[in-house]
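What the coordinates show
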Amino acid sequence: MKKESHLFYQTRQRRPVLDHASGIYLWDIDGKRYLDGSSGAMVCNIGHSNPVVLDAMRRQLDRSTFGYRLHFETEAAEALAEKTATLAPDGMEHVFFVSGGSEAVESALKLARQYAVVTGDAGRWKVISRFPSYHGSTLGALAVTGYTPMTAPFDSMMRPMPKIPAPRAYLDDLDPTDIATGEHYAAMLEQKILEEGAETVLAFIVEPVGGASTGALVPPAGYMQAIRRICDQYGVLLIHDEVMSGGGRTGRFFAAEHWDVAPDIIAISKGFGAGYVPLGAMIAQERLVKAVLDAGGFVHGYTYAGNPLACAAGLAVLQEIERGDLMSNASNTGAKLAETLNTLRDVCPLIGDVRGMGLLLAFELVADTKTMKPLPAAMKAFDRLVEIAYGRGLIIYSRRTRGGREGDHFLVCPPMITTAEQVDEIIMLLRASLKDFMNSIDSELKDHGIKMS
Ligand SMILES: Cc1ncc(COP(=O)(O)O)c(C=O)c1O
């Protein structure tokens, strides 16, 4: 008889047991191989079981695995902070370690708030964010998240935070390459600040390239620069949530580098520890950290912050990204993958949009590629295609596109070590999965009167 498990997650769904992983592949205990087409949850950026990272971790294991920050400094934490600061925009030299993305966002919100308090601006507490967006599952990060299924049960426990629409030009039939489009969406931030009262607005938090909630949404031309300008104009701090987009996946270490803009605070996690250890960081401007520390200290922290084993692994990850020139590979391989994803329309005419940067890529299925009308929600395309692909040994990652209620997008984000031949393998598996998927929904499309152009 099958043993009852004591573990539980979000649902009752349970997966095969993982045996081992190497490069872009994982194997279950029955020997089935899976191509990690989403790097887990866009985490394992440098692939699995990198020997250099494992060696660095072994070396640290032999020295110490824990040194509490109130009792000791560690060389590992110091070295990773120094390396991180060299990758960050000028003036962002202060690094606060955490163990994950939600903690990085919480830390950013709290540093922003404490900065306002110590600089005589205690009336500022509202954090404007976008809808849809995802900033984490802890209550502070969730309050700024725009994804209804995840926030609704907890609404009454959180202070409502103002939201503006994410700049989804492809849904509004606007040209994303036109600066006027960027200005159009950025003007919504200014309007919201004025509506709320600028003196009450603490910060604006934004994913420079969107993650799971928007499906790799790239901001329209001029947007990133315009929001920086507006934040400066109204004394609002700008927080970049680079938990998913940071770490090199878009072709630059921080996605915002593509637009040459620097925020006041950055949250980073997933690709920073690359799945080797739970790790993240909040990186902040000198003036914020100085003001808060001079006024008595940052009233915030986590037991595992700066854990030496995590930091040793993180440093080795960053060194491997540089040694293998993996950001260039993410750009080049990502361009090939994006181009080939577009060719899949021949087997799946429901593909309405292919978007992203580098190896942070997604495609979206729609009922009508002209109006971008979503497929009927009850069809659960986002779930079904993922399961079909999983059955074929390809892992991709999906979410509902329109705030979690409807819409179906799929993130195709393999590790940054993926080769051109492996892109062909991904496309071959995806093509076969899309064919199976189209066959499986054929009668439902007819029932809903959905015609494929
Ligand atoms: C943009 C963004 N911010 C924050 C988080 C939360 O990170 P974690 O799940 O590590 O707490 C995520 C996770 O998907 C994310 O994509």
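Structure: above.
Residue numbering note: each chain is counted from 1, following its sequence as written. Since the coordinates come from a predicted model, pLDDT governs what is reported: local features require at least 70, and pairs of side-chain atoms require 80 or more to be given and counted, while whole-chain, interface and lining totals use all residues. Values shown for side chains rest on all heavy atoms present in the structure; no hydrogens or waters enter the calculation.

What follows is about the site of the ligand. Being near a molecule or strand, for a residue, means having at least one of its heavy atoms within 4 Å of it. Surrounding the ligand, one finds Gly100, Gly101, Ser102, Tyr134, His135, Gly136, Glu207, Asp241, Val243, Met244 and Lys270. Whenever a nitrogen or oxygen atom comes within 3.5 Å of another N or O atom, the pair is scored as a polar contact, on the condition that within protein one atom can donate a hydrogen and the other can accept it, and that pairs from neighbouring residues in sequence are kept only if both atoms are in side chains. Note that an oxygen atom of the ligand is positioned 2.5 Å from one of the side-chain N or O atoms of serine 102. Contact distances for the ligand include 3.0 Å between an oxygen atom and a side-chain N or O atom of lysine 270. Taken by itself the ligand offers 390 Å² of open surface, and the protein chains cover 81% of this. Counted by class, the shell around the ligand contains three nonpolar, five polar and three charged residues. Note on areas: Shrake-Rupley, 1.4 Å probe, and residue coverage restricted to the protein chains presented here. Three classes are used: nonpolar for Ala, Val, Leu, Ile, Met, Phe, Trp, Tyr, Cys and Pro, charged for Asp, Glu, Lys and Arg, and polar for all others, with Gly counted as polar.

This part is about the pairing of strand E12 (residues 360-365). Between buried and exposed lies partly exposed: a residue is buried under 20% and exposed over 50% of the maximum accessible area for its type, with that area taken using a 1.4 Å probe on protein chains only. Numbering goes from the N terminus for both helices and strands, where a helix is a DSSP run of H or I of at least four residues and a strand is a run of E of at least two. E12 sits mainly inside the fold: six of its six residues count as buried. Every second residue of E12 is oriented toward a common face, with Leu360, Ala362 and Glu364 on one face and Leu361, Phe363 and Leu365 on the other, all of them buried. Summarising the sheet, strand E11 (residues 351-357) and E12 pair through six bridges and their orientation is antiparallel. Within E12, the position partnered with valine 354 by the bridge is phenylalanine 363. Two strands are said to pair when DSSP picks up at least two bridges between them. Counting the residues in the hairpin turn of E11 and E12 gives two residues, including glycine 358, whose phi is positive at 55 degrees.

One can find glycine 297 in the loop between helix H10 (286-294) and helix H11 (308-323). Each C-alpha atom of the pair glycine 297 and valine 347 lies 58 Å from the other, and the pair is 50 residues apart in sequence. Two residues qualify as a contact provided that any one of their heavy atoms is within 4.5 Å of a heavy atom in the partner residue. With near-sequence residues (within four places) excluded, glycine 297 lies in contact with Gln114 and Val292.

What follows concerns the pattern of salt bridges. Each reported salt bridge corresponds to a side-chain nitrogen of Lys or Arg within 4 Å of a carboxyl oxygen of Asp or Glu. A complete count under the given rule lists 23 salt bridges for this structure. Residue arginine 431 is joined to aspartate 346 by a salt bridge in which the shortest nitrogen-to-oxygen separation is 3.0 Å. Remark: aspartate 346 occurs in the loop between helix H12 (326-343) and E11 and arginine 431 occurs in helix H14 (residues 420-447); sequence separation between them is 85 residues. Residue classification places arginine 431 among the partly exposed residues on the basis of a relative accessible area of 24%. Note on aspartate 346: relative accessible area 54%, which makes it exposed.

Read across the open sheet, the seven strands follow the order E4-E10-E9-E8-E7-E5-E6; overall the sheet is mixed. The two strands at the open ends of the sheet, each matched to only one other strand, are strand E4 (94-98) and strand E6 (163-165). Neighbouring strand axes in the sheet, compared pairwise and without regard to direction, differ in orientation by 20 degrees on average. Examined bridge by bridge, strand E9 (residues 265-268) and strand E10 (residues 280-284) share four bridges and lie antiparallel to one another. Across the sheet, isoleucine 265 pairs through a bridge with alanine 284, a residue of E10. In this description, a line fitted to the C-alpha atoms serves as the axis of each element, helices being fitted only across the stretch in contact, and the angle between N-to-C directions of two axes falls anywhere from 0 to 180 degrees. Across the sheet, helix H8 (residues 223-234) is in contact with strand E5 (126-131), E6, strand E7 (201-206) and strand E8 (237-242); its angle to E8 comes to roughly 145 degrees.

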